[in-house]
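# Summary of the model geometry
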Amino acid sequence: MKCVKCGQKAAINMRHHKLALCKDHFLEWIPAQTQRFIEKYRMFSLQDKVLVAVSGGKDSLSLWDILQRLGYQADGLYIGLGIDGGIGYSNESQRLCEEFAKSHGLRLRVVSVGAEFGETIPELSLRTIRGKEKPCAVCGLTKRHIMNRAARDGGYDVLATGHNLDDETATLLGNTLNWIPGYLVRQGPVLEADKPGLVRKVKPLCRIYERDMAAYAILRGIEYIYEECPHAVGSNSIFYKELLNNLEAERPGAKINFYVAFLQAKENGLFAAQADPDLDKLHACPSCGQPTSAPGMCAFCRMTAKA
Ligand code: SF4
Ligand SMILES: [Zn+2]
Ligand SMILES: [Zn+2]
């Protein structure tokens, strides 16, 4: 198989795009695609200050790499969850983010959940849900709270996350199978800051396959954590990703078609009548000042307030 641009030996064959590229052309193509989607969905400009949420994984570190190559002002945010899982998951992912920042001369902000709130994610979940379930709901709530606060207080125009096409289609499949209109309305490449205190969120990699992002990280020589968070095992999102991979193996391009057709349907007004039911109820949490639809304090402040 040969690179369609230069005829050299191809390093990757993307059946979903009917495109084979050599290493050099692939390493140019991924940032060019990312730039295309940043512009298409009007995510941010060269004048904006961007905060990239980095986890130590391939997608977020590659996103940070791509943004700085494209000339954007992008700082990183690492959230220390305090998850060990027998593999020192949080310590290792923090180390890799710090190494990446240092070697690229970039600024990394670190927020440790344990140091800041007195309890790590496993401790918080043990106290609040008595460890009966996975800590993912507690973890998701905490990450959203910290990401919004760090971006708002740090004076950033936008928060960027490394969600790739596989993440987005797995979420979309879950929302569609359960037919959750409120989530479908809000899913997309950009989540607008439609209330005071909310920071704009964007997903510049939302149209790039996970497999291609892994190839980018490896070919670019980015050192990232291979292990998933130990709590991700058995999650719905992994199950949906496997289903979609089976579909993709038979029908190359199925994932990108599913996602782009959804965005097109939204643009054509499919969900126009479905206003976000929580938007009108939003008010500032009396404890942290972040917008919430819960009566009184926000869910995060209620969870971290000890009895
Ligand atoms: S899988 Fe791990 S990082 Fe992801 S939400 Fe669950 S606990 Fe948090
Ligand atoms: Zn080439
Ligand atoms: Zn609050």
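Above this text you will find the structure in question.
Now for a quick tour of the structure.

Calculation notes
- Residues numbered from 1 in each chain as written.
- Chains lettered and ligands numbered in written order.
- Predicted model: local features only at pLDDT ≥ 70, side-chain atom pairs only at ≥ 80, totals over all residues.
- Heavy atoms only, no water.
- Near = heavy atom within 4 Å.
- Nonpolar A, V, L, I, M, F, W, Y, C, P; charged D, E, K, R; others polar.
- Axes fitted to C-alpha atoms, helices over the stretch in contact; angles between N-to-C directions.
- Helix = DSSP H or I, 4+ residues; strand = E, 2+ residues; numbered from the N terminus.
- Left-handed = near helix turned anticlockwise from the far one by under 90°.
- Contact = heavy atoms within 4.5 Å.
- Donors = N, O, S within 2.8 Å, 3.2 Å for Na, K, Ca; no water.
- Tetrahedral: all angles 85-135°; square planar, octahedral: opposite > 155°, others 65-115°.
- Expected span 1.5 Å × (residues − 1).
- Buried < 20%, exposed > 50% of the residue type's maximum accessible area, 1.4 Å probe, protein only.
- Salt bridge = Lys/Arg side-chain N within 4 Å of Asp/Glu carboxyl O.

## As for the site of ligand 1
Near ligand 1 you find Leu-81, Ile-83, Cys-136, Cys-139, Lys-143, Cys-229, His-231 and Ala-232, and these make up its full shell. Taken together, the residues of the shell around ligand 1 break down into six nonpolar, one polar and one charged.

## Quick notes on the packing of helix H7 (residues 165–177) against helix H11 (residues 254–267)
Axis angle and axis distance: for two packed helices, these are the angle between their axes and the distance between the axes, and together they describe the pair. Between H7 and H11, the shortest axis-to-axis distance is 10 Å and the interhelical angle comes to 65°. The two elements H7 and H11 meet at a crossing, and its hand is left-handed. Contact residues: H7 offers Leu-165, Asp-166, Glu-168, Thr-169, Leu-172, Leu-173 and Thr-176, while H11 offers Lys-255, Ile-256, Phe-258, Tyr-259 and Phe-262. When the residues that make up the contact of H7 with H11 are grouped by side-chain class, the tally is seven nonpolar, two polar and three charged.

## Some remarks on the coordination of the zinc ion (ligand 2)
Distances from the zinc ion (ligand 2) to its protein donors, Cys-3 (SG), Cys-6 (SG), Cys-22 (SG) and His-25 (ND1), fall within 2.1 to 2.3 Å. For the zinc ion (ligand 2), the four donor atoms in the first shell make angles of 100 to 115° at the metal, so the coordination geometry reads as tetrahedral.

## Digging into helix H6 (residues 136–153)
Across its 18 residues, H6 extends 25 Å between first and last C-alpha, which sits within 8% of the 26 Å expected from 1.5 Å per residue. Val-138, Cys-139, Gly-140, Thr-142, His-145, Ile-146, Met-147, Asn-148, Arg-149, Ala-150 and Ala-151 are the residues of H6 that are buried. Just past H6, the residue Gly-155 takes up positive phi, approximately 75°.

## Some points on the pattern of salt bridges
Under the counting rule described, the total for this entry stands at 17 salt bridges. Ionic pairing is found between Glu-168 and Lys-203, a salt bridge with its closest N-O pair at 3.2 Å. Of this pair, Glu-168 sits in helix H7 while Lys-203 sits in the loop between strand S8 (200–202) and helix H9 (210–220), placing them 35 residues apart in sequence. No difference in accessibility class separates Glu-168 from Lys-203, as the two residues are buried. Among the charged side chains, a salt-bridge network with shared partners connects Lys-58, Asp-59, Asp-167, Glu-210 and Lys-241.

## So, the coordination of the zinc ion (ligand 3)
Metal coordination angles in their ideal form are 109.5 degrees for the four-donor tetrahedron and 90 or 180 degrees for the six-donor octahedron. Donor atoms from the polypeptide that coordinate the zinc ion (ligand 3) comprise Cys-285 (SG), Cys-288 (SG), Cys-298 (SG) and Cys-301 (SG), at 2.3 Å from the metal. Here the zinc ion (ligand 3) is ringed by four donor atoms whose angles at the metal span 104 to 114°, and the overall shape comes out tetrahedral. Mapped onto the sequence, the donors of the zinc ion (ligand 3) take the spacing C-x2-C-x9-C-x2-C. You can see Cys-285 sitting in the loop between strand S9 (283–284) and strand S10 (291–292) and its partner Cys-301 sitting in helix H12 (residues 299–304), a full 16 residues away along the chain. Across the pair, Cys-301 and Cys-285 agree in class, each one buried.

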